[in-house]
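What the coordinates show
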Amino acid sequence: MSSPTDRIPTRAEVAIEHTWDLSRLYTNDSEWEAAFQKWEASIEGYAKYRGKMGESWQTLLAALLYDLEFGREGDKLGTYAFLKSSEDVSNSTYQGLKARYLGVAAKAAEAGSFFRPEILAIPDQTLQAFVNQPEIAPHRLTLERLIRFKAHTLNESEERILAMQIETAQTAHNVFSQLNDADLKFGQIEIEPGRKIDLSHGTYMMCLEHPNREVRKTAFHQYYSHYQDHANTLSAALAGTVKQDVFSAKVRNYKTAREAAMFPDNVPASVYDNLVAAVRANLPAVHKYYAVRKKAMKLDAIHFYDVYVPIQSNIKKHHTWEQGVELVLESLKPLGQEYGNILATGLRGRWCDRYENKGKRSGAFSAGCYDSDPYILMNYKDDVFDHVFTLTHEAGHSMHTHFSKSQPYQYSNYTIFVAEVASTFNEQLLGRYLMARATDDQERIYYINREIDDIRRTIVRQTMFAEYEKIIHDLAERNEPLTVETLRGEYRKLLDAYFGPDFNIDAELSLEGLRIPHFYNAFYVYKYSTGLSAAIALAERVTQGGSAELNAYLSFLKAGSSKDPLDLLRDAGVDMETPEPVNAALKRFNELVEQLDQLVG
Ligand SMILES: [Zn+2]
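Residues numbered from 1 in each chain as written. Predicted model: local features only at pLDDT ≥ 70, side-chain atom pairs only at ≥ 80, totals over all residues. Heavy atoms only, no water.

With respect to the overall build of the protein
Heads up, the condition is: Runs of E in the DSSP output that reach at least two residues are strands. Runs of H or I that reach at least four are helices, and both are numbered from the N terminus. The globule rule used here is 2.2 Å times the number of residues to the 0.38 power, and the radius of gyration it is set against is calculated over C-alpha atoms. Burial classes follow relative accessibility: with a 1.4 Å probe on protein chains only, a residue under 20% of its type's maximum area counts as buried, one over 50% as exposed, and anything between as partly exposed. Contacts are assigned to residue pairs that have any heavy atoms within 4.5 Å of one another. We score Asp and Glu as negative and Lys and Arg as positive, and we do not count His or the chain ends. We put the charge of a Lys on NZ, of an Arg on CZ, of an Asp on CG and of a Glu on CD.
A count of helices and strands for the protein gives 24 helices and 5 strands. The C-alpha radius of gyration computed for the protein amounts to 25 Å, which stays within 12% of the reference 25 Å derived for 601 residues, consistent with globular compactness. Burial status across the protein gives 51% buried among its 601 residues. For the protein, restricting intrachain contacts to residue pairs at least 6 apart in sequence, the fraction spanning at least 24 positions comes to 76%. Across the protein, 67 positive and 82 negative side-chain charges occur, with their mean positions spaced 1 Å apart.

If you want it as structure tokens, here you go:
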């Protein structure tokens, strides 16, 4: 008997021109091995600087250069091991390389752990004199970014006590992960007559996209009945992580847990508050969308389990890899020749590991380092139209990585705050290109619905999460108890506001506020919302504007982390300290909802 999986080739059977070319990193495993051994041995170099960082600017500079060189070689070794192991996760040789790399990287982090505290312990005047040295200029920003933390760094014995608490500080998170990923079992669900599958976090999402409403509804109620059984444990764990955040912030002289979380990006609280206010002001458009969806799906009442299924399922379109690349390049023409030529050479060459093979990591990602191509992993399928969007998304990351190499190594890594801008910008351009050329309404509905849901999930939903994180941390900061009732009650109020008066909110949906893993890394998700908002605002600017707007955007791609994220975006043309970019994104949402309303009649 043959099954579809029989047709998936093994790694060895894949044509070489369909794979990425890692030879710019190392031509073979033994070259990696030799470099790895040299790298591992060079860890001892750190010891030379221990206790001496404040001696002179020359020593400080030497230490910084040594650390950068070590890091740069480590990036190469890690990239090779990581990419090789993704080619076939069952290949134990490469899992071995990856594990060895991670082991030595951890050892190196420990060996160099004195850098930060020693630099921060240098008396202010001396440190300022070091920073002002012309020879230090290429590292001034690195040092200034570190010095910012001085006001939030404690004395040696206090820091030692905090370091001793690092592991116990993770308890709440560990309890949640163990419950959520190991102990909780969600039973089985029948997704078509006679076909039962295990309900899990992954298949739950699959079920919510199922065209059969009974499947969606059953999955929803079944999934949450198991959370209901553990509501007290979940609340205790969530309260624990919130209190830990509040404690850590207080002890390090931050006014709030949110300020502590936003401090590394140098983003003021107003950005967060503007985001929430702008999304709140545009909620009527979100409510209208649910009404349109309800109409299009011919429902008498709309529930949470009705919002993930596409209104128009995947349209039948066939694009070979070459055609997909062509489409991506055509849609990105507004970015000019330089961008287009580099990307064309990369995609038609060997940046991308294109197709599925046995054991290959699923999904897609972009990854590379300063001394390699900006590689892309795909599992491209000709008949999955969404893969063209995935391709342009990853191409956006890769071009950002490529252009960031205009910076010296120390400023070539861009931060999470801006990371999703270049990728979702490209999706915007592809969506607009296709929408302008759509030949029938089915196709139009598909593109519009796709983008609406994207904005809803990335901007609206994540902002609701962000607002919830703020509320429950505020409560803890005012010493109010975080009970099941409080947590669910606060979450329910947000659900009511975000889904609107005509939405049927099932009682168990408030359990969602207890089960989102991101809440254990609080004040992070707002960056998804600001990132997509910036991308939409920039896509509007570049497509409507001229060469000044385009050049500003390209300069942003080339700027790496040479400035703080808000300054990078401001230079590109969007000021995240004002509500305008979020408003621009939601204006687009609004227009799309109006169009969808017309199309579904
Ligand atoms: Zn991405």
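Structure's up, so let's keep going.
Details of the coordination of the zinc ion
By definition of the ideal shapes, a tetrahedral metal site with four donors has angles of 109.5 degrees and an octahedral site with six donors has angles of 90 or 180 degrees. Formally: Each metal site is built from N, O and S donor atoms within 2.8 Å (3.2 Å for Na, K and Ca), and since water is not included, such sites may look incomplete. Only two sets of limits are used to name each site, 85 to 135 degrees for every angle of a tetrahedral four-donor site, and over 155 degrees for opposite donors with all other angles from 65 to 115 for a square planar four-donor or octahedral six-donor site, with any other site named irregular.
Coordination sphere of the zinc ion, protein contribution only: His393 (NE2), His397 (NE2), Glu420 (OE) and Glu420 (OE), at 2.1 to 2.6 Å. Geometry at the zinc ion is irregular, judged from the 4 donor atoms that bind it and their angles of 52 to 141° at the metal. On the primary sequence, the residues serving as donors to the zinc ion are separated as H-x3-H-x22-E. Of this pair, His397 sits in helix H17 (residues 386–404) while Glu420 sits in helix H18 (residues 416–437), and the two are 23 residues apart along the sequence. Residue His397 is classed as buried on the basis of its relative accessible area of 9%.

As for the confidence of the model for the protein
To keep it simple, the criterion reads: For every residue, the predictor assigns a confidence score, pLDDT, that lies between 0 and 100.
Overall, the prediction assigns the protein a mean pLDDT of 95, with 99% of residues at 70 or greater. Every residue in residues 1–5 scores below 50 in pLDDT, and together they form 2 contacts with partners more than four places removed in sequence or on other chains.

Quick notes on the packing of H18 against helix H19 (residues 441–477)
Selection criterion: The convention used is that axes are lines fitted to C-alpha atoms, helices contributing only their stretch in contact, and that angles between N-to-C directions extend from 0 to 180 degrees. Orientation labels follow simple angle bins: below 35 degrees gives roughly parallel, above 145 gives roughly antiparallel, 65 to 115 gives roughly perpendicular, and whatever is left gives oblique. Two helices that cross are described as forming a left-handed crossing if the nearer one is turned anticlockwise from the farther one by less than a right angle, and a right-handed crossing if clockwise. Gly falls in the polar group here, along with every residue not listed as nonpolar (Ala, Val, Leu, Ile, Met, Phe, Trp, Tyr, Cys, Pro) or charged (Asp, Glu, Lys, Arg).
Packing of H18 against H19 brings their axes to within 10 Å, and their N-to-C directions diverge by 155°. On the basis of the axis angle, H18 is roughly antiparallel to H19. As for the relative orientation of H18 and H19, their crossing is left-handed in sense. Mapping the contact onto sequence places Glu427, Gln428, Leu434 and Met435 in H18 and Tyr447, Ile448, Arg450, Glu451 and Asp454 in H19. The class makeup of the residues in the contact of H18 with H19 is 4 nonpolar, 1 polar and 4 charged.

Here we look at the nonpolar core
Condition: Throughout, nonpolar core names a set of buried Ala, Val, Leu, Ile, Met, Phe, Trp, Tyr and Cys residues whose side chains join them through atoms within 4.5 Å.
If you look at the biggest cluster of nonpolar residues, it comprises 149 residues, and the most contacted ones within it are Leu343 and Leu569. A per-element tally of this core places H19 first, with 15 residues. Residues in contact with Leu569, not counting those within four places in the same chain, are Phe417, Val418, Val421, Ala534, Leu538, Phe556, Val574 and Met576. Core analysis: the next-biggest nonpolar cluster, separate from the first, contains 45 residues, Trp20, Ile43, Leu77 and Leu377 among them.

Brief notes about the pairing of strand E2 (residues 195–198)
Rules: Any two strands are treated as partners once DSSP identifies two or more bridges connecting them.
Here 4 bridges tie strand E1 (residues 188–192) to E2, and the two strands are oriented antiparallel to one another. In the sheet register, Glu190 faces E2, and the bridge partner there is Lys196. Here E1 folds back onto E2, and the loop between the two strands holds 2 residues, one of which, Gly194, carries a positive phi near 80°.

Here's the deal with the sheet that holds strand E3 (residues 352–353)
Within a sheet, neighbouring strands are paired by backbone hydrogen bonds and run either parallel or antiparallel to one another. Strand order across the open sheet formed by 3 strands is E3-E5-E4, with mixed pairing between neighbours. Looking along the sheet, the strands with just one partner apiece sit at the ends: E3 and strand E4 (365–367). The sheet contact formed by E4 and strand E5 (residues 375–377) spans 3 bridges and is antiparallel. In the strand pairing of E5, Phe365 is matched with Leu377.

Some points on the side chain of Arg456
The condition is simple: Whenever a carboxyl oxygen of Asp or Glu lies within 4 Å of a side-chain nitrogen of Lys or Arg, that contact is scored as a salt bridge.
Positionally, Arg456 belongs in helix H19. For Arg456, which is buried and forms no salt bridge, the nearest opposite charge comes from Asp453, at a distance of 4.2 Å. In contact with Arg456, other than residues within four places in its own chain, are Tyr289, Tyr290, Val307, Tyr308, Arg461, Phe499 and Phe589.

A word on H17
Worth spelling out the cut-off: Expected helix span is taken as 1.5 Å per residue step, with the number of steps being one fewer than the number of residues.
Spanning 19 residues, H17 covers 27 Å between terminal C-alpha atoms, matching the ideal 27 Å at 1.5 Å per step. Burial within H17 is extensive, with 16 of its 19 residues counted as buried.

A word on helix H20 (residues 484–499)
Stated precisely, the cut-off is as follows: To be clear, the arc concerns the directions from the helix axis to the C-beta atoms.
With 16 residues, H20 extends 22 Å from end C-alpha to end C-alpha; this agrees with the ideal 22 Å at 1.5 Å per step. Of all the residues in H20, the buried ones are Val484, Leu487, Arg488, Glu490, Tyr491, Leu494, Leu495, Tyr498 and Phe499. Projection of H20 onto a plane perpendicular to its axis shows the buried side chains occupying an angular sector of 160°, all on one side. Exposed positions of H20 whose direction lies more than 90 degrees from the buried face are Glu485 and Lys493. On its buried side, H20 packs onto helix H10 (213–229), helix H11 (231–251), helix H13 (269–281), helix H14 (283–296) and H19. Residue Gly500 follows H20 closely and has a positive phi angle near 90°.

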